[in-house]
Amino acid sequence: MLSLTGRLICTSDAQAASVREHAAEHIRLTRAEPGCMTFDVVQTDDPMVWQVDEAFTDRAAFEAHQTRTASSDWARATQGIKRDFTLHEA
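What counts and how
Residues numbered from 1 in each chain as written. Predicted model: local features only at pLDDT ≥ 70, side-chain atom pairs only at ≥ 80, totals over all residues. Heavy atoms only, no water. Helix = DSSP H or I, 4+ residues; strand = E, 2+ residues; numbered from the N terminus. Rg over C-alpha atoms; globule rule 2.2 N^0.38 Å. Buried < 20%, exposed > 50% of the residue type's maximum accessible area, 1.4 Å probe, protein only. Areas by Shrake-Rupley, 256 points an atom, 1.4 Å probe, with all protein chains shown as cover. Expected span 1.5 Å × (residues − 1). Arc of directions from axis to C-beta. Contact = heavy atoms within 4.5 Å.

Help me understand the overall build of the chain in this model?
Counting its secondary structure elements, the chain contains three helices and four strands. Listing each helix as α and each strand as β along the chain from the N terminus yields β-α-β-β-α-α-β. At 13 Å, the chain has a C-alpha radius of gyration in line with the 12 Å of a compact globule built from 90 residues. Counting every position in the chain, which comprises 90 residues, the buried fraction comes to 38%. For the chain, the accessible area works out to roughly 5200 Å², and carbon and sulfur atoms hold 52% of it.

Spelled out as structure tokens, the structure:
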């Protein structure tokens, strides 16, 4: 299993609005991917920060997710937003 935890950290209202606008579809598409066990992007008490928690069955599934999202609407809409992630492999 491979999991990722961390935060998206926005520095402007426009960045936060992009996350709010695109998160639901990004979550829906990711949860439908083969090998996705869990995937959550949840706004914290700080309106500029989202907690990200995801788990995939293996590295191949995670890498397929990374490949798909690299050219997605989500990637375009959230580029430039700071990501503070930690990857764990079991």
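What follows picks up the thread again.
What is the right way to read helix H2 (residues 59-70) from this model?
End to end, H2 covers 16 Å across twelve residues, agreeing with the expected 16 Å (1.5 Å per residue, within 8%). Buried within H2 we find Ala61, Phe62, His65 and Thr69. For H2, the angular spread of the buried residues around the axis is 100 degrees, confining them to a single face. Away from the buried face of H2 by more than 90 degrees, exposed residues Ala60, Thr67 and Ala70 are located. On its buried face, H2 sits against strand E1 (2-9), helix H1 (13-31), strand E2 (36-43), strand E3 (49-56), helix H3 (73-78) and strand E4 (82-89).

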